[in-house]
Each structure stands twice: as C-alpha cells, then as structure tokens.
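# Structural features, examined
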Amino acid sequence: MNDLMSQAVDLMIAGMGFVFAFLVVLVFATLLMSKLVSRFAPPEPATPARTPRAKPKAPTSVDPDTAEAIKKAIAQFRSRHKK
C-alpha cells in the first residue's frame, strides 16, 4: 500500500510539473507573439475627430391631408391599446 501511494504522489508531482512547465512556455510564447505582431503589423490608421452630425431639418409645413391621416392613425392606435 505504501509503495502504491508513493507512486501516486510521484505521478501527481510529475503531472503538475508538466502542466506548470507547459503554462510557463505558453505565457512566454504569447508574449513573444504579441511583440512580433506589434513590430511587424501595419500601424493603425489615425481616426479623424468626430464632428457632430447636422440634425435633419423638419419640414416647415405639413400637408393638411397628411396631418389628418396621422391624427386618425394615432387615435385608432390609442383606442386599440388602452391599458
């Protein structure tokens, strides 16, 4: 039993050691790749400063027939969706 437990502990330590070594290699590989990409990648284009968009102008007058149709549509909507 003691020999079996010793083998289990040895196997556990070896497995954890391999995982730790792999993660260390992975971190360094990631750092190296990010440095290479930042060195050889083309620079990002400068974005121009945003200018506020002009607000769309509302029409100065609305056709009376259109206004009447909008009023009827609003009234019909409100009558159907009363709470």
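Structural data are supplied above this passage.
Remember, it's a predicted structure, so these values are computed and weren't measured experimentally.

### Concerning the overall build of the protein
- Scanning the protein from N- to C-terminus turns up two helices and zero strands.
- Against the compact-globule benchmark of 12 Å for 83 residues, the protein has a radius of gyration of 36 Å, which places it well outside the compact range.
- C-alpha extents for the protein along the principal axes are approximately 95 × 45 × 15 Å.
- A burial count over the protein gives 0% of its 83 residues as buried.
- Within the structure as shown, the protein displays about 8,900 Å² of accessible surface, and the carbon and sulfur contribution to it stands at 68%.
- Positive and negative side-chain charges of the protein, numbering 12 and 6 respectively, have mean locations separated by a distance of 17 Å.

### Looking at a nonpolar patch on the surface
- Together, M5, V9, M12, I13 and M16 give the surface a local cluster of nonpolar side chains, amounting to about 510 Å² of exposed area.
- By secondary structure assignment, the location of M12 is in helix α1 (residues 2-40).
- The exposure class of M12 is partly exposed, given its relative accessible area of 47%.

Cut-offs applied
- Residues numbered from 1 in each chain as written.
- Predicted model: local features only at pLDDT ≥ 70, side-chain atom pairs only at ≥ 80, totals over all residues.
- Heavy atoms only, no water.
- Helix = DSSP H or I, 4+ residues; strand = E, 2+ residues; numbered from the N terminus.
- Rg over C-alpha atoms; globule rule 2.2 N^0.38 Å.
- Buried < 20%, exposed > 50% of the residue type's maximum accessible area, 1.4 Å probe, protein only.
- Areas by Shrake-Rupley, 256 points an atom, 1.4 Å probe, with all protein chains shown as cover.
- Lys, Arg positive; Asp, Glu negative; His and termini not counted.
- Charge placed at Lys NZ, Arg CZ, Asp CG, Glu CD.
- Patch = residues over 30% accessible without salt bridge, like charges linked within 9 Å, V, L, I, M, F, W, Y side chains within 5 Å.
- Salt bridge = Lys/Arg side-chain N within 4 Å of Asp/Glu carboxyl O.

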